[in-house]
Amino acid sequence: MRRGHGAQGKSIAKPTLMLAALELFIVRSTRLNTLSDYEEVVNKWGHPLKDATLLYPFARLKEDGIWEVEYEDKLTKTSKNDLLRSEVINKNIRAGFTKDIYKALQDNKQGIKKIVSAVLCEFFDEEQRSLLTESVSAFVDESKEHKLAREPQMNHFIAYLNSLHNVTSSGANALAESQALNEYFHEIYEPFPVVNDIKAALNSEDDCVVIVTGHAGDGKSTVALDIYKQLQGIPLHTPLNEPLPESVQFNSNTADKLISIIKDMSELSSGDRLDRVSRAYREEGSWLIISNTGPLLNTLRELASSYSANEREIESNVLASLQKSYSRGHLERHTLSHLPKNTVIINLTRIDNVYLGSKIFSKIINHSGWTACHECKSYNICPIVTNRESLLHNLEQTEERTRWLYRKITEYEEKLTLRQMVAHMAYSITGGLTCKYVHNHADNLNDTTQLKENYLFSDLFFGYGGPSKNNTYQSLRAIELLNRHNFSMYTSAFYEKQLTHSVDNLWAYLPDVLIPTANKMINHAKQPNSSFSRYSLRRIIYFFGTPSERNNEEHHNFLCEFLLSPNIVNYENWRHAADITSSKKQQNELKNMCLKVLLEIFSGFSSGQFSSSHDRLYITLRHPKASSVQPAQIISGSFYFDDFKILYDPEVDCPILVYKDKVSLPLTLPLLDFITQRHFGYLGGDLEQIHRTKIEWFRAELLKTQEDDNDPNEIRVLRSNIDGQVKEKKFILEDTHKRMEVLQ
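Residues numbered from 1 in each chain as written. Predicted model: local features only at pLDDT ≥ 70, side-chain atom pairs only at ≥ 80, totals over all residues. Heavy atoms only, no water.

Quick notes on the pattern of salt bridges
Turning to step 1, where the next piece is worked out: Under the criterion given, the structure shown has 33 salt bridges.
Turning to step 2, where the next piece is worked out: Note that Arg-85 is salt-bridged to Glu-39, the shortest N-O span being 2.8 Å. With Arg-85 in helix H4 (residues 85–90) and Glu-39 in helix H2 (residues 35–45), this residue pair connects regions lying 46 residues apart in the sequence. Across the pair, exposure class does not vary: Arg-85 and Glu-39 are buried alike.
Turning to step 3, where the next piece is worked out: Between Asp-661 and Lys-645 there is a salt bridge, and its shortest N-O distance comes to 3.4 Å. Of the two residues, Asp-661 sits in the loop between strand E17 (654–659) and strand E18 (663–666) while Lys-645 sits in strand E16 (residues 644–649), which places them 16 residues apart along the sequence.
Turning to step 4, where the next piece is worked out: In this structure Asp-661 comes out as exposed when scored by relative accessible area, which is 58%.
Turning to step 5, where the next piece is worked out: Taking relative accessible area as the criterion, Lys-645 reaches 36% and is therefore assigned partly exposed. (Salt bridge = Lys/Arg side-chain N within 4 Å of Asp/Glu carboxyl O. Helix = DSSP H or I, 4+ residues; strand = E, 2+ residues; numbered from the N terminus. Buried < 20%, exposed > 50% of the residue type's maximum accessible area, 1.4 Å probe, protein only.)

Overview of the packing of helix H31 (residues 584–603) against helix H33 (residues 689–704)
Turning to step 1, where the next piece is worked out: Where H31 meets H33, the closest approach of the two axes is 12 Å, and the angle between their N-to-C directions is 85 degrees. With respect to each other, H31 and H33 are oriented roughly perpendicular. On H33, the residues touching Leu-598, Ile-601 and Phe-602 of H31 are Ile-695, Phe-698, Arg-699 and Leu-702.
Turning to step 2, where the next piece is worked out: Of the residues assigned to the contact of H31 with H33, the class counts are 6 nonpolar, no polar and 1 charged. (Axes fitted to C-alpha atoms, helices over the stretch in contact; angles between N-to-C directions. Parallel < 35°, antiparallel > 145°, perpendicular 65-115°, else oblique. Contact = heavy atoms within 4.5 Å. Nonpolar A, V, L, I, M, F, W, Y, C, P; charged D, E, K, R; others polar.)

With respect to the sheet that holds E18
Turning to step 1, where the next piece is worked out: Strand order in this open sheet of 3 strands is E16-E17-E18, and the pairing throughout is antiparallel. Lying at the two open borders of the sheet, with one neighbouring strand each, are E16 and E18. Each neighbouring strand pair of the sheet contributes to a mean axis angle of 30 degrees, computed without reference to strand direction.
Turning to step 2, where the next piece is worked out: Across 4 bridges, E17 lies against E18 in antiparallel orientation. Residue pairing for E18: Tyr-659 is matched across the bridge by Val-663.
Turning to step 3, where the next piece is worked out: Together, E16, E17 and E18 form the strand contacts of H33, whose direction differs from that of E18 by roughly 170 degrees. (Pairing = 2+ DSSP bridges.)

A short note on the sheet that holds strand E5 (residues 94–97)
Turning to step 1, where the next piece is worked out: If you walk across this open sheet you meet the 3 strands as E3-E5-E4, and the pairing is antiparallel. The open sheet has two edge strands, strand E3 (32–34) and strand E4 (67–69), and neither has a second partner. Averaged over all neighbouring strand pairs, the angle between strand axes comes to 25 degrees, with direction disregarded.
Turning to step 2, where the next piece is worked out: Summarising the sheet, E4 and E5 pair through 3 bridges and their orientation is antiparallel. Each bridged residue has a counterpart across the sheet, and for Glu-68 the counterpart in E5 is Gly-96.
Turning to step 3, where the next piece is worked out: Of the strands in this sheet, E3, E4 and E5 touch H2, which is tilted by about 80 degrees from E3.

What about the packing of aromatic side chains?
The relative placement of two aromatic rings is captured by the distance of their centres and the angle of their planes.
Turning to step 1, where the next piece is worked out: Under the definition given, this model contains 34 aromatic pairs.
Turning to step 2, where the next piece is worked out: Seen from the ring of Tyr-412, Lys-408 lies directly overhead, with NZ or CZ sitting 4.6 Å from the centre.
Turning to step 3, where the next piece is worked out: The ring of Phe-532 carries the charged tip of Arg-539 above its face, separated from the ring centre by 5.4 Å. (Phe/Tyr/Trp six-rings, centres within 6.5 Å; stacked < 30°, edge-to-face > 60°. Lys NZ or Arg CZ within 6 Å of the ring centre and 35° of its normal.)

Section: empty space enclosed by the protein
Turning to step 1, where the next piece is worked out: For the structure shown, the criterion picks out 6 cavities of 30 Å³ or more.
Turning to step 2, where the next piece is worked out: In this model, the largest cavity occupies a volume close to 70 Å³.
Turning to step 3, where the next piece is worked out: In terms of lining residues, the largest cavity is bounded by 12 residues, among which Cys-373, Cys-376, Cys-382, Cys-435 and His-439 are the most central.
Turning to step 4, where the next piece is worked out: Tallying contributions element by element places helix H21 (residues 435–440) first for the lining of the largest cavity, with 3 residues.
Turning to step 5, where the next piece is worked out: A class-by-class count of the residues in the lining of the largest cavity yields 8 nonpolar, 4 polar and no charged. (1 Å grid on protein atoms, 1.4 Å probe; cavity = no way out; pocket = protein on both sides within 12 Å on 5 of 7 lines; lining within 4 Å. Points joined across faces, edges and corners; volume = space filled by probe spheres on them.)

Structural notes on the pairing of strand E15 (residues 632–640)
Turning to step 1, where the next piece is worked out: Bridging between strand E14 (residues 616–621) and E15 involves 6 bridges; their strand directions are antiparallel. The partner of Thr-620 across the bridge, within E15, is Ile-635.
Turning to step 2, where the next piece is worked out: Examined bridge by bridge, E15 and strand E19 (residues 714–720) share 3 bridges and lie antiparallel to one another. Note that in E19 the partner of Ile-634 across the bridge is Val-717.

Observations regarding the layout of surface pockets
Turning to step 1, where the next piece is worked out: Empty space within the second largest pocket amounts to approximately 1400 Å³.
Turning to step 2, where the next piece is worked out: Around the second largest pocket sit 40 residues that line it, and Arg-350, Ile-351, Asp-352, Arg-575 and Asp-653 are the ones nearest its centre.
Turning to step 3, where the next piece is worked out: The set of elements that each furnish at least two residues to the lining of the second largest pocket consists of helix H17 (354–365), helix H19 (395–412), helix H30 (568–577) and H33.
Turning to step 4, where the next piece is worked out: Considering every element that reaches the lining of the second largest pocket, the biggest residue donor is H19, with 5 residues.
Turning to step 5, where the next piece is worked out: A breakdown of the residues in the lining of the second largest pocket according to their chemical character gives 16 nonpolar, 8 polar and 16 charged.

Set out below in structure tokens:
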């Protein structure tokens, strides 16, 4: 049986469907069954197989020569040669074993147990097999024969966490389609800020079309699920009995209005997409459409053509909407009025998901599913429990420090999807360990001690400990991005000296549960080849260290050194408050620091070459090569420091440097860090080209503001004296005698 590959590794959908078909053969003696029949069997089994999507193998098992589908040649196929769920359900299409396979099973019913056993052992991991034991009645005897009996202390919540990542083979719950059916999902779900606005738009008196787009894993299907539940009056904590259909129409429970939802328009053919979108504008009611960006643009362009609208104007407006950051309560910014119904386009990629991800992290740690661990015989030696207890000790702090790391890679590297963050957090807690694995090592003291040291949350978060580092690099994008920064590799000598003392002498307190491990690492850090112990200690202190009031400043500096960013703590606070929360004095210091560094970039002269009372930003004509020395430069423009101010702009979601409310420069985290390091003389850093381009744009826009103010007869020059001091010289061209005069 050939299995497909998804984002989470090899799919278990085909073997799951085959097991369901075998059970129906045993119980009902049927050869062909509907998709609903198979899903009913799998849902009855419970976690984890109920989350396998059966629609795709319903048709694809035919490729293995053991399966057939009724009326297949008359059914609509997607671009990937899959069937449409709505058509399969509405027409009661049946599928099952071929006649030859069915006859062979009838002739050798005793062999079915061997087939079941082989499928379980070949295609399912140990955790999945053990969780099937009490659920699949037809397989119990064979499961016992193969020693698949479940431990009484097995915690299904830990198996659920492992199903959220793809480091091991248990990645069944990574997709929203699976989460909709899962009993654990509602406690970790954090509502998207956009949900209430979308719900209000759909329930409004005027019909509208709301389109939600974004990358795979941004949460589009989860938003659709949340809105579906709310409009249907289904409690958020109640799992659905079956996956949300690809297309569903119903009367809103909160307003007397017809609502239609298309869960993923990207899975439809181009003709079907155009048909669905045309219906959305033609038929009564409001529509919620989930789509990837490419198919959305193509479909709206075709729709505009059918309405004799301006295709280029529609496409331009759609692209503009896709670039807009979401601002709660302001859907009018995302609304297009060029089509028959008002069209709201929201790009989830433009919604900040770092804060959302950190809230989910806290919900995972506080989940009620952990209560099953309390009576477990392995509780005291379990590394998963140790991680959870350590995080719970000061959850607000660990959530914050997790958020800082995600913010750093988001600003410096690339934005992680919510799915990638959740997978990373789940792996960092469990390390891919199962309850059964921990139980098997519970009686060996050396094994349990080693497990605790190898599966620390603070190491797993960066891809160390647990399985091989190469495996986590390949499976978790977050770890790949984190390790580009070499977090924890370097700190100043002040902190390094304390890493060889006892835990009591550190500048921060650690949770009691981690003290034995930390002391052992400190003892090892005194040895010549102890770099990894030092790295691990820094990571523990970063996540779990709580400073006393006396050491607050020391610890703040340590955090900034660890994160390799002097501004990230303040930056994240500003983003969270959507305001510059620093004092006026600090804001003024930040403004002057920015302007002095810009002065160096624009003129090539160090800010120290100007007088201490210097209060102007100069833009000069100079050679584009920064290394070229020009002791004299013609001034193109000058701007008083007092005409600039630092504000927070919710549109770009970061601080900005503003000149007379005319032009502004977004102060992104990489740019702020570069400015700070340059100001204090750090020479090792550099700025990415995209940020340099923004600075060049800012220079050009500043010059535009003075185009009408320049005197064509006046020439101003910056000149460096022999002592390095830079002063401004003014010359004027005297028209009467055609000569140059020195004014200053």
